[in-house]
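# Secondary and tertiary structure notes
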Amino acid sequence: MKSVEIQGNLRTEVGSKYAQLERKAGNVPCVVYGGDAPIHFSAPVLTFKTLVYTADAKIAKIIIGDSKIEAVIQDMQFHPVTDALMHVDFIQLIEGKPVTIDIPVVVEGQSKGVLNGGKMKMIMRKLSIRSIPGSFPESIVLDVTPLTIGQSIRVSDVSAAGCEILNAGTAVILTVKNARGAVKEDGEDETEDEAEEAAE
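Presented here is an overview of the structure given in this document.

What follows deals with the layout of surface pockets. Estimates place the volume of the largest pocket at around 360 Å³. If you go around the largest pocket, you meet 17 residues; those closest to its centre are Ile73, Met76, Ile101, Asp102 and Lys126. When residues of the lining of the largest pocket are traced back to their parent elements, those giving at least two are α2 (49-52), β5 (67-78) and β7 (99-108). The element best represented in the lining of the largest pocket is β5, accounting for five residues.

Take the packing of aromatic side chains next. The final tally for this structure, using the stated rule, is two aromatic pairs. Between tyrosine 53 and phenylalanine 78, the aromatic rings sit 6.4 Å apart at their centres with planes inclined by 65 degrees, giving edge-to-face as the arrangement. In this pair, tyrosine 53 is assigned in the loop between α2 and β4 (59-64) and phenylalanine 78 in strand β5, connecting sequence segments 25 residues apart. Residue class for tyrosine 53 comes out partly exposed when judged on its relative accessible area of 47%. Since its relative accessible area comes to 31%, phenylalanine 78 is described here as partly exposed.

The rules we used
- Residues numbered from 1 in each chain as written.
- Predicted model: local features only at pLDDT ≥ 70, side-chain atom pairs only at ≥ 80, totals over all residues.
- Heavy atoms only, no water.
- 1 Å grid on protein atoms, 1.4 Å probe; cavity = no way out; pocket = protein on both sides within 12 Å on 5 of 7 lines; lining within 4 Å.
- Points joined across faces, edges and corners; volume = space filled by probe spheres on them.
- Helix = DSSP H or I, 4+ residues; strand = E, 2+ residues; numbered from the N terminus.
- Phe/Tyr/Trp six-rings, centres within 6.5 Å; stacked < 30°, edge-to-face > 60°.
- Buried < 20%, exposed > 50% of the residue type's maximum accessible area, 1.4 Å probe, protein only.

This is the structure we're talking about:
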């Protein structure tokens, strides 16, 4: 998994008052959990550009003085109006200790249903994965080539070697829906919308 280096400054004063001062100075207050004690630090907002504003899952290599910590994002807070990054919680990666991380879903191929005029709808763009450090995949790759109109891929259809997928097995990741002008092949399932129309 790719990593991003974060050069941080240790925060000895914590609380909302000091967090606001950090933001005014162009920094993002952060906390690293998972070690012996939480580590409070801040880093310039631009440092997080390639870590936060991307679809890829990445490891943060946090450097604070002489200390180097590998961690993954656990939670983020954004300003409700400006959408500016306000706070980041990290979970430290410790060898042999499982952690949870969101992994992006990547689609490969062109489904038969889409080739026949159907429309693919992506419902889940990330899956929550639990595993030990070093076993995380960079992405969950789904081959949609066999999908016809009305078919879906659910969480239960997916596996990731060495990882536990925490999302509900019945949750739909993506589906191929019917569209006007679509040509259905024999045996293709009707979509939920079509089933409702038929019932009416």
